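Each chain, written out:
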Amino acid sequence: MDKLYDNIKRVRNNFLVQKNYKYGVVKFEDDKYIEILPCIFDEIDIELEYYIAKKEGENFIYTKQGKKIIDENFDDIRIITFIQTKILFQEINNSQKIQIMEN
């Protein structure tokens, strides 16, 4: 039987997986793995309840369900803090700026 992934690491309620030097996120439900983010990313960081995924020098933010939050690319993305029901992001793309997004 072929193995599904080269490496698996439990992260909160999901699993950070690696296959062919690329990373993705899956969850285990009903005795099977369900893909949240495919194994196409060079790096995935978890900040609070979000995934910051890097692919070919581009950075993107995904929810824990795998929904992309920001469609544009940024050189660097960091979650700074929660403000009640909103999330404050610091985005750097040749300049610093702050953007408030609905949670």
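Right above here is the structure, for reference.
Residues numbered from 1 in each chain as written. Predicted model: local features only at pLDDT ≥ 70, side-chain atom pairs only at ≥ 80, totals over all residues. Heavy atoms only, no water.

Some thoughts on the pattern of salt bridges
- If you walk through the whole model with that rule in mind, you get two salt bridges.
- Notably, a salt bridge pairs lysine 22 with aspartate 42, separated by 2.4 Å at the nearest N-O pair. Taken together, the residues span a long stretch of sequence, with lysine 22 in strand β3 (residues 22-29) and aspartate 42 in the loop between β4 (32-41) and β5 (43-47) at a distance of 20 residues.
- Relative accessible area serves as the criterion here: at 30%, aspartate 42 is assigned to the partly exposed category. (Salt bridge = Lys/Arg side-chain N within 4 Å of Asp/Glu carboxyl O. Helix = DSSP H or I, 4+ residues; strand = E, 2+ residues; numbered from the N terminus. Buried < 20%, exposed > 50% of the residue type's maximum accessible area, 1.4 Å probe, protein only.)

Here's the deal with the side chain of glutamine 18
- Position of glutamine 18 among the secondary structure elements: in strand β2 (residues 14-19).
- Under the relative-accessibility criterion, glutamine 18 is labelled buried at 15%.
- Not counting residues up to four positions away in its chain, the partners in contact with glutamine 18 are Tyr5, Asp6, Asn7 and Tyr23. (Contact = heavy atoms within 4.5 Å.)

Regarding the packing of aromatic side chains
- According to the stated counting rule, one finds four aromatic pairs in the structure shown.
- Ring centres of tyrosine 5 and tyrosine 33 lie 5.8 Å apart, and the angle between their planes is 85°; this geometry places the pair in the edge-to-face category. Placement of the pair is tyrosine 5 in the segment before β1 (7-11) and tyrosine 33 in strand β4, with a sequence separation of 28 residues.
- Summarising the aromatic geometry, the rings of phenylalanine 28 and tyrosine 33 are spaced 5.1 Å apart at their centres and angled 65° between planes, so their arrangement reads as edge-to-face.
- These aromatic residues form a ring-pair network of at least three members: Tyr5, Phe15, Phe28 and Tyr33.
- The ring centre of phenylalanine 60 lies 4.8 Å from the NZ or CZ of lysine 68, which sits over that ring. (Phe/Tyr/Trp six-rings, centres within 6.5 Å; stacked < 30°, edge-to-face > 60°. Lys NZ or Arg CZ within 6 Å of the ring centre and 35° of its normal.)

Quick look at the pairing of strand β7 (residues 58-63)
- In terms of burial, β7 is largely enclosed, as five of its six residues are buried.
- Two strands pair when backbone bridges link them, and strand β6 (residues 50-55) and β7 are joined in this way by six bridges, in the antiparallel orientation. Along β7, the bridge assignment pairs alanine 53 with phenylalanine 60.
- Between the end of β6 and the start of β7, which pair antiparallel, lie two residues, with glutamate 56 showing a positive phi angle near 50°. (Pairing = 2+ DSSP bridges.)

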